[in-house]
Amino acid sequence: IVVNITTTSFMKGFGPFKAPLLVSTAFLFIGVWCILIKRFLSPFLQRKDIKLSIANRFALGSFSLGVGYAIAAIVDSQVKRAYLSSGSRINIFWGLFGTFFTGGIAFHFAAMNEIAFVVAPAELKMLGTASQGIPNLIGAILFKACAPYWFRDSEGNKIRTIEQYVDAKSINFTYLMMALCFFNVLIMFIPPIK
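These notes cover the structure that comes with them.

Cut-offs and rules
Per chain, residues are indexed from 1 in the order of the written sequence. In keeping with the model being predicted, local features are shown solely for residues with a pLDDT of at least 70 and side-chain atom pairs are shown and tallied solely at 80 or more, while totals for entire chains, interfaces and linings include all residues. Heavy atoms from the whole structure form the basis of all side-chain values; hydrogens and water molecules are not counted. Under the scheme used here, helices are H or I runs from DSSP no shorter than 4 residues and strands are E runs no shorter than 2 residues, and both carry numbers assigned from the N terminus. Every helix has an expected span of 1.5 Å times one less than the residues it contains. A 1.4 Å probe rolled over the protein chains alone gives each residue an accessible area, and that area as a share of the maximum for its type sets the label: buried under 20%, exposed over 50%, partly exposed in between. As used here, the arc belongs to the directions running from the helix axis to the C-beta atoms. Each axis is a line fitted through C-alpha atoms, taken for helices only over the stretch in contact, and angles between the N-to-C directions span 0 to 180 degrees. The cut-offs work like this: below 35 degrees is roughly parallel, past 145 is roughly antiparallel, 65 to 115 is roughly perpendicular, and the gaps in between are oblique. Crossing handedness is defined as follows: a turn of the near helix away from the far one that is anticlockwise and smaller than a right angle gives a left-handed crossing, while the clockwise case is right-handed. Note on contacts: a residue pair is in contact if any heavy atoms of the two residues lie within 4.5 Å. Classification convention: Asp, Glu, Lys, Arg as charged; Ala, Val, Leu, Ile, Met, Phe, Trp, Tyr, Cys, Pro as nonpolar; all other residues, Gly among them, as polar. Here, a disulfide means two cysteine sulfur atoms that sit within 2.5 Å of each other. Here the aromatic set is Phe, Tyr and Trp, taking the six-membered ring for Trp, and pairing holds for ring centres within 6.5 Å; pairs whose planes are under 30 degrees apart are stacked, those over 60 apart are edge-to-face, and all others are tilted. Lysine and arginine charges are scored as sitting over a ring when NZ or CZ, respectively, is within 6 Å of the ring centre and within 35 degrees of the ring normal. Pairs of N or O atoms within 3.5 Å make up the polar contacts considered here, provided that, within protein, one atom can donate a hydrogen while the other can accept it, and that residues adjacent in sequence are counted only when both atoms are side-chain atoms.

An ideal rise of 1.5 Å per residue puts 26 Å on 18 residues; helix H9 (residues 171–188) measures up with 26 Å between its terminal C-alpha atoms. Ile 171, Phe 173, Thr 174, Met 177, Met 178, Cys 181, Val 185 and Met 188 are the residues of H9 that are buried. Within H9, the buried residues cover an arc of 165 degrees as seen down the axis, which keeps them to one side.

So, in structure tokens, the structure goes:
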């Protein structure tokens, strides 16, 4: 969320549709993905007699999130290119493409809920539910560790202006998160985990 707010803050908004609202659409797209999965993908897979394992759903969620990060990296480069070439800003609606793909983490939620409420024994159900916050905790720790290096300009100032944004290396955090997503996909396809 911090990466997306940082990038979209330097895009051209449209009326009330500015950085925080764009980031909030991620929750809307999670709902859209849930509907698509429930109404179209699940019936299709049932007709083909295909059952997605928990690991498969984690892999699909991670892949979708990784694609969202890849698109965010492209948008980031275009924000910087537009500013450096003509001092202009690109339209904030370009951010919707990446945000749509991040909605695919609906696969993660389904897998996490199955682990917490179906697979876990009764005495561990609360622990299973609480463990769903671990990825957010890891992300916050990574952000805090990387912020002094990547979310500051070359003079060590926090990103406040588009000039500082262009000078900073915040894109590296996007690459890190994208790499972690695709690494998770690979892990989920290791036969003992699958």
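Moving on, we get to the packing of helix H2 (residues 19–47) against helix H4 (residues 95–102). Taken N-terminus to C-terminus, the directions of H2 and H4 make an angle of 45 degrees; their axes are 7 Å apart at the nearest point. As judged from the angle between their axes, H2 and H4 are oblique. The element H2 and its partner H4 pack so that their crossing is right-handed. On the side of H2, the interface is formed by Leu 22, Thr 25, Ala 26, Phe 29, Val 32 and Trp 33, while H4 contributes Gly 95, Leu 96, Thr 99, Phe 100, Phe 101 and Thr 102. Of the residues belonging to the contact of H2 with H4, the class tally is 8 nonpolar, 4 polar and no charged.

On to unusual backbone geometry, then. At Asp 49, a position not held by glycine, the phi torsion is positive, near 60 degrees. On the secondary structure map, Asp 49 appears in the loop between H2 and helix H3 (54–86). Look at Asp 49 and you get exposed, because its relative accessible area is 71%.

This part is about the state of the cysteines. Scanning the entire structure with this criterion turns up 0 disulfides. Looking at the unpaired Cys 34, the closest cysteine sulfur is the one in Cys 181, lying at 17 Å. The exposure class assigned to Cys 34 is partly exposed, which follows from its relative accessible area of 38%. The thiol sulfur of Cys 146 is not disulfide-bonded, and the nearest other cysteine sulfur, from Cys 181, lies at 14 Å. For Cys 146, a relative accessible area of 11% translates into the label buried.

Moving on, we get to the packing of aromatic side chains. Aromatic rings considered in pairs are described by the distance between their centres and by the relative angle of their planes. Going through the model one piece at a time under the given rule, you end up with 10 aromatic pairs. An angle of 85 degrees between the planes, with centres 5.5 Å apart, marks the rings of Phe 29 and Phe 100 as edge-to-face. Here Phe 29 is found in helix H2, whereas its partner Phe 100 is found in helix H4, with 71 residues between them in sequence. The partly exposed category is assigned to Phe 100, whose relative accessible area is 27%. By way of ring pairs, the aromatic residues Phe 29, Trp 33, Phe 100, Phe 101 and Phe 107 are connected into one cluster. In this structure, Lys 80 packs its charged tip against the face of Tyr 165, placed 5.1 Å from the ring centre.

Another aspect to go through is the packing of H3 against helix H5 (residues 106–119). Helix-helix packing is described using two parameters, namely the angle between the two axes and the distance between the axes. Contact geometry for H3 and H5: axes closest at 7 Å, N-to-C directions at 150 degrees. By the criterion of interaxial angle, the relationship of H3 to H5 is roughly antiparallel. For the pair H3 and H5, the crossing hand works out as left-handed. Residue-level contacts link Ile 54, Arg 57, Phe 58, Leu 60, Gly 61 and Ser 62 of H3 to Phe 107, His 108, Ala 110, Ala 111, Met 112, Glu 114, Ile 115 and Val 119 of H5. Taken together, the residues of the contact of H3 with H5 break down into 9 nonpolar, 3 polar and 2 charged.

A separate point is the side chain of Gln 164. With respect to the secondary-structure elements, Gln 164 resides in helix H8 (residues 162–167). Among the polar contacts made by the side chain of Gln 164, one reaches the side chain of Asp 153 at a distance of 3.5 Å. Gln 164 has contacts with Asp 153, Asn 157, Lys 158 and Ile 159, leaving out every residue within four places of it along the chain.

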